[in-house]
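Listed below, chain by chain, are the residues.
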Amino acid sequence: MLLGSFTMSISQSSISTAYPTLMQFFGIDASTVQWLTTGFMLIMCVMMPVSPWLLNNIKFKQLFLMILAIFDVGTLIVVVAPNFSIMMLGRALEAVAVGILFPSYQSVLLYITPEEKRGSTMGYAGLIMGSALACGPILSAIVLHFSAWRGLFIVFMVIISILFVISLYAIKDVMPQKESHLDITSVIMSFGLIGILYVVNMIGKANIDLTLALIVLIVSILMIVIFVFRQFKIKQPLLQLRVLKSFNYDLSIGLTGASYIALIVVTVIFPLYYQNVLGVSKTISGLALAPGAILLSLLNPITGKLADKIGFKRVMLIGMVMILIGWGTLSIIGATISLVPMMILAALIEGGNAFVMMPAVTMGANSLPNEFISDGTAVVSTFRQILGSTGVLVATLILSNVMTNNISNGMSHALAQQSGYHVVFITFFVIEIIGLVMALMLKNTKKVK
């Protein structure tokens, strides 16, 4: 289960290193190729609310095998894709599988682990998710050094295929079954998320059909409003939003989102900075994230145990301060930093993530009754992915628009790039200040009730 999550997490972040190669191969621009990451994350968001229903109505072994099969088929489509549209179809299927798996495996871990040991257990879960996201660009760089971009997805396909065979014998049914009705209307309404972020992605682009964009935005917002109200009205909601009544749980959502934004933006934007500004190769740009990935991997199990001992507030304050120092330094110095200092700052930000993301998930789960754990995990995972995909989208938009405006005003391409990255750094420094404020608002207890 953890191996499947690790592989799928890597697939989420590894593709960013291949962006320049894919742009050249398919003849597309940066705002289009980033949909391989942003679109992936949005589809994950839509699938995550369905995971509690799937856990309640399908035996876990069957569900896990189905997830692996969907991911494998999607990866095969990517490998044979003749154009970008077909590749996006394959990525969409991969996202469906990942969107179901991530909250499901966290729910299973939380369900089978006593509350007093959840911090440690979820620390290892964080080790899998966080280090996989950070290792993605590294694996991508190594594979791309020896093969074409399709080789990267062949690696994923081989691993998941082997895991499918192993799971036929190794996976057991551990979750209780509780048959319930799937509210199709809520599923359809949740697609408003994709519409909203699609319109946001259009900001700053030339030749936009403003009328169409406005219609899509209004319809999408209405869909989300209907979705939210419907969850509170029906007896068997798709996403149990009533868990939001716990203030510490609400803070856990904000904190896991803040830390995830920091991590995912580092894994997507930093390799681009290394290649475009510092002029290093794809291989070096991916390997440059290795120190951060190693630090994240080492810290995750430790922070989980630390949260059980000294409390969530102290642990998450440490993490948010680390993240703030990283982004703050980038904001002050600007986009003129050489490779080694950038690697150190990336490691600091990724290390801070280890103190925040999974401790926040555990804190949220501890504030809920056991029967709501799968719902609570689905809610926090959904919001985390929404915030993460928004973060990547915002970073890409800022970078692209600032560069375009500066070049049109007569600035050189190199200086325009540096200016774009500097604005990105300042933006995410401000965002993480909000995260620190949320950490300060936590209840100062060892275990959240």
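For every chain, the first residue of the written sequence is number 1, and numbering continues from 1 along that sequence. Thresholds applied to this predicted model are a pLDDT of at least 70 for local features of residues and 80 or more for the giving and counting of side-chain atom pairs; totals over whole chains, interfaces and linings are not thresholded and use all residues. Hydrogens are left out, water is left out, and the side-chain values use all remaining heavy atoms of the structure.

The line we're drawing: UniProt positions are given in the numbering used here, feature names are shortened, and annotations may be inferred rather than shown by experiment.
Looking at an unreviewed UniProt entry, the chain carries the name MFS transporter, with the source organism given as Apilactobacillus timberlakei. Word for word, the UniProt comment on the chain under Subcellular location (unreviewed entry) is "Cell membrane".

### A closer look at the overall build of the chain
Put simply, the rule is: To qualify as a helix, a DSSP run of H or I must reach at least 4 residues; to qualify as a strand, a run of E must reach at least 2; elements of each kind are numbered from the N terminus. The size measure is the radius of gyration over C-alpha atoms, and the globule rule it meets is 2.2 Å times the number of residues to the 0.38 power. The buried label goes to any residue with under 20% of its type's maximum accessible area, the exposed label to any with over 50%, and the partly exposed label to all in between, with areas taken from a 1.4 Å probe on protein chains only. The method behind every accessible area is Shrake-Rupley, applied with a 1.4 Å probe, and residues are considered shielded solely by the protein chains displayed.
Within the chain, the secondary structure is distributed over 19 helices and 0 strands. Here the C-alpha radius of gyration of the chain, 21 Å, is about what a compact globule of 449 residues would show, namely 22 Å. Along the first, second and third principal axes, the C-alpha atoms of the chain reach 60 × 45 × 45 Å. Counting over 449 residues, the chain shows a buried share of 59%. In the form shown here, the chain has an accessible surface area of approximately 17,200 Å², with 71% of it arising from carbon and sulfur atoms.

### Re the nonpolar core
Note the following rule: Throughout, nonpolar core names a set of buried Ala, Val, Leu, Ile, Met, Phe, Trp, Tyr and Cys residues whose side chains join them through atoms within 4.5 Å. Contacts were defined at the residue level, with two residues in contact if any of their heavy atoms lie within 4.5 Å.
The biggest cluster of nonpolar side chains holds 128 residues, and the ones touching the most others in it are Met87, Phe270 and Trp327. The contacts of Met87, once residues within four sequence positions are left out, are Ile15, Leu22, Phe26, Leu36, Val78, Ala81, Trp149 and Phe153.

### Brief notes about the pattern of salt bridges
To keep things clear, this is the line we draw: What makes a salt bridge here is a side-chain nitrogen of Lys or Arg within 4 Å of a carboxyl oxygen of Asp or Glu, nothing more.
According to the stated counting rule, one finds 2 salt bridges in the structure shown. The shortest N-O distance in the salt bridge between Arg91 and Glu94 comes to 3.1 Å. Separated by 3 residues within a single helix, Arg91 and Glu94 lie in helix H7 (residues 84–112), roughly one turn from each other. For Arg91, a relative accessible area of 1% puts it in the buried group.

### Quick look at a nonpolar patch on the surface
Definition in use: Only residues whose relative accessible area exceeds 30% and that form no salt bridge enter a patch; like-charged residues are grouped when within 9 Å of one another, and nonpolar side chains (Val, Leu, Ile, Met, Phe, Trp, Tyr) when within 5 Å.
On the surface, Ile142, Phe146, Ile284 and Leu287 cluster together into a nonpolar patch covering about 390 Å² of accessible area. Where the nonpolar patch is concerned, the elements lending two or more residues are helix H8 (118–146) and helix H14 (282–287). Tracing the sequence through the fold places Ile142 in helix H8.

### What to know about the side chain of Ser51
Inspection of the secondary structure puts Ser51 in helix H5 (residues 51–57). Since its relative accessible area comes to 1%, Ser51 is described here as buried. Setting aside residues up to four positions removed in sequence, Ser51 forms contacts with Ile100, Pro103, Ser104 and Ala378.

### Considerations on the confidence of the model for the chain
Worth spelling out the cut-off: Values of pLDDT, the confidence the predictor places in each residue, fall between 0 and 100.
Chain-level pLDDT for the chain is 82 on average; 90% of the residues reach the 70-or-more range. Contacts for the low-pLDDT stretch residues 445–449, under 50 throughout, to residues beyond four places or in other chains number 19 contacts.

### Some thoughts on the packing of aromatic side chains
The description of an aromatic ring pair rests on the distance of the ring centres and on the angle between the ring planes. Condition: Stacked, edge-to-face and tilted are the three classes for Phe, Tyr and Trp ring pairs, Trp counted by its six-membered ring, which pair at centre distances within 6.5 Å; planes under 30 degrees apart are stacked, over 60 edge-to-face, the rest tilted.
Taken as a whole, this structure holds 15 aromatic pairs when the rule is applied. Ring centres of Tyr273 and Tyr274 lie 6.3 Å apart, and the angle between their planes is 70°; on these two criteria the pair is classed as edge-to-face. Accessibility assignment for this pair places Tyr273 and Tyr274 in one class, buried.

### Looking at helix H2 (residues 19–26)
How we decide: Each C-beta atom gives one direction from the helix axis, and the arc is the one those directions make.
Among the residues of H2, Tyr19, Leu22 and Phe26 are the ones counted as buried. Around the axis of H2, the buried residues are gathered within 65° of arc, so they sit on the same side. Of the residues flanking the end of H2, it is Gly27, one or two places downstream, whose phi is positive at about 70°.

### Some points on helix H18 (residues 373–408)
Note the cut-off: Expected span of a helix: the number of residues minus one, times 1.5 Å.
Given a rise of 1.5 Å per residue, 36 residues ought to cover 52 Å, and the 52 Å separating the end C-alpha atoms of H18 matches this to within 8%. With 26 of its 36 residues buried, H18 lies for the most part within the structure. Note on H18: the residue one or two positions beyond its end, Gly410, has a positive phi of about 95°.

### Details of the packing of helix H15 (residues 290–310) against helix H16 (residues 312–333)
Counted only if it meets this: Axis lines are fitted to C-alpha atoms, over the contacting stretch for helices. Their N-to-C directions set the angle, which ranges from 0 to 180 degrees. Roughly parallel here means an angle under 35 degrees, roughly antiparallel means over 145, roughly perpendicular means 65 to 115, and every remaining angle is called oblique. Only Asp, Glu, Lys and Arg are considered charged, only Ala, Val, Leu, Ile, Met, Phe, Trp, Tyr, Cys and Pro nonpolar, and every remaining residue, Gly among them, polar.
Contact pair H15 / H16: the axes reach a minimum separation of 7 Å and the direction vectors enclose 135°. Comparing the axis directions of H15 and H16 gives the class oblique. Across the interface between the two elements, Thr303, Leu306, Ala307 and Ile310 of H15 pack against Phe312, Arg314 and Val315 of H16. When the residues that make up the contact of H15 with H16 are grouped by side-chain class, the tally is 5 nonpolar, 1 polar and 1 charged.

### Thoughts on the side chain of Asp183
Position of Asp183 among the secondary structure elements: in the loop between helix H9 (149–170) and helix H10 (184–189). When sequence neighbours within four positions are dropped, the list of residues in contact with Asp183 reads Arg230 and Ile234.

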